[in-house]
Amino acid sequence: MKAVVQYEFGDPGVLTYSDIEVPEIGKNEVLIKAAYTSVNYADIKKRLGNKEKGSFPLTLGLDVAGTIEEAPAGSSFSKGDRVIAFPKNGSYAEFVAANEQLVFKIPENLSFEQAAAMPTVSILSFLLLFEIGQVKKKDTIVIHSAAGGVGSMLVQLAKLEGVQKIIGTVGSLDKENYVKNLGADFVYTYETFSEEVLKQTNHLGADVIFDSIAGEVTSQSLMCLALYGTLVQFGNSSGKPGTFKTSDVHSSCRNIKGFSLGTTRKHNPAKLAPVAERALRLFASGEITLPIAEVFELSEAAQAHRLIESRNYEGKILIKI
């Protein structure tokens, strides 16, 4: 089969379009014929070697949309079932193997393209908003990187829930209209958001802030987080750690919560099924959608990575298998 493989860490040039063996499935696993996969910022970090030590050859990719090609006897899946999944060893490939607990059937009226845009960002967003952030309708919330995949989902979900005030942040105000069209009330840049949030809240601050950037953005977030507020930290796309002091939280009764979808997939996969079902229903009904920024061929994976790194896009970037 065709796949995109890397044999060393580095720039997008290390991604090679190759012929490799179709994976064999083990116990409680299915083989999926891939239709589309999405490109996530975690792929960039893994390609660079910033996220973890990798064993080569390495195939990137967190999620996939496609059809069941092979399932074990007694499985709840059959050949031809349309599914989304979190595969075992990457998804930039024509066929992938996945644990059945991380495979979810999709409605017939949901396109593979739209389905492929959703697994990582929608499931993560549901968990962040409702379980980790525990956002209430009366809250003022801040969503960093609001024009990205997770940000686009968080804004829409918050709007659907009737959250009182939704503030998005972006690298450039060129993306302001895009984020407002998703449902944000106000959009600011990373340089000005802290001051603007305080203005919008009579200097009380935001109740919940979602931070996938870290670095200086974390420090600025703490400057505009309300008493008893929550900072939800779920990434560091800046490549720099966010820092805080214990005095930033105890006297103000504020809290900082961390979350990783990767950790949850590994250690508590059963948690994802009810969330996936809820997200799939909303996508199939058209209540929420994810704008597709661009679709690349599998052989063009390096170009997809360059676009992600440029940050000059809105929504999700897909690879058609």
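Treat the numbers as computed from the prediction; the structure is a model and nothing was measured.

*Asks:* What am I meant to see in the pairing of strand E5 (residues 82–85) here?
*Replies:* Regular strands have side chains that alternate between both faces of the sheet. Residues Arg 82 and Ile 84 of E5 are buried on one face, and the alternating residues Val 83 and Ala 85, pointing to the opposite face, are buried as well. Of the strand pairs in this sheet, strand E4 (residues 64–70) and E5 are connected by four bridges, and their pairing is antiparallel. Across the sheet, the residue bridging to Thr 67 is Arg 82, located in E5. With three bridges joining them, E5 and strand E7 (residues 103–105) adopt antiparallel strand pairing. If you follow Ile 84 over to E7, its bridge partner there is Phe 104.

*Asks:* What is the right way to look at the state of the cysteines in this model?
*Replies:* Note on terminology: a disulfide is the covalent bond linking the sulfur atoms of two cysteines. If you walk through the whole model with that rule in mind, you get zero disulfides. With no disulfide of its own, Cys 224 lies 18 Å from the sulfur of Cys 253, the closest cysteine sulfur. The buried category is assigned to Cys 224, whose relative accessible area is 1%. Residue classification places Cys 253 among the partly exposed positions, given a relative accessible area of 38%.

*Asks:* When you look at the environment of Glu 113 in this model, what are you seeing that I'm missing?
*Replies:* One can find Glu 113 in helix H2 (residues 112–117). You can call Glu 113 partly exposed: its relative accessible area is 30%. Once you skip the residues sitting within four places of it in the chain, Glu 113 turns out to touch Tyr 36, Ile 292, Val 295 and Leu 318.

*Asks:* Could you clarify how one ought to interpret the environment of Thr 218 in this entry?
*Replies:* With respect to the secondary-structure elements, Thr 218 resides in helix H7 (residues 216–223). Between the C-alpha atom of Thr 218 and that of Gly 54, which follows or precedes it by 164 residues, the distance is 28 Å. For Thr 218, the contacting residues outside a window of four places in its chain are Asp 211, Leu 231, Gly 242 and Thr 243. Reaching out from Thr 218, the side chain makes a polar contact with the side chain of Asp 211 at a distance of 2.6 Å.

*Asks:* It is not clear to me how the packing of aromatic side chains should be interpreted in this structure. Could you clarify?
*Replies:* Any pair of aromatic rings gets described here by the distance separating the centres and the angle formed by the planes. By the definition in use, this model includes three aromatic pairs. Geometrically, the ring pair formed by Phe 9 and Phe 56 is edge-to-face, given 4.9 Å between the ring centres and 70° between the ring planes. Placement of Phe 9 in the loop between strand E1 (2–5) and strand E2 (16–19) and of Phe 56 in the loop between helix H1 (41–48) and E4 is noted, with a sequence separation of 47 residues between them. By relative accessible area, which is 30% here, Phe 9 ends up partly exposed. Taking the centre distance of 5.7 Å and the plane angle of 45° together, the rings of Phe 126 and Phe 130 count as tilted.

*Asks:* Would you mind going over the side chain of His 144 with me for this structure?
*Replies:* Relative to the elements of secondary structure, His 144 occurs in the loop between strand E8 (140–143) and helix H4 (149–160). There is a polar contact of 2.9 Å between the side chain of His 144 and the side chain of Ser 221. Setting aside anything within four residues of it in sequence, one finds His 144 in contact with Thr 169, Tyr 190, Phe 193, Ile 209, Phe 210, Asp 211, Ile 213, Val 217 and Ser 221.

About the criteria used
Residues numbered from 1 in each chain as written. Predicted model: local features only at pLDDT ≥ 70, side-chain atom pairs only at ≥ 80, totals over all residues. Heavy atoms only, no water. Buried < 20%, exposed > 50% of the residue type's maximum accessible area, 1.4 Å probe, protein only. Helix = DSSP H or I, 4+ residues; strand = E, 2+ residues; numbered from the N terminus. Pairing = 2+ DSSP bridges. Disulfide = S-S within 2.5 Å. Contact = heavy atoms within 4.5 Å. Polar contact = N/O pair within 3.5 Å; in protein donor to acceptor, adjacent residues only side chain to side chain. Phe/Tyr/Trp six-rings, centres within 6.5 Å; stacked < 30°, edge-to-face > 60°.

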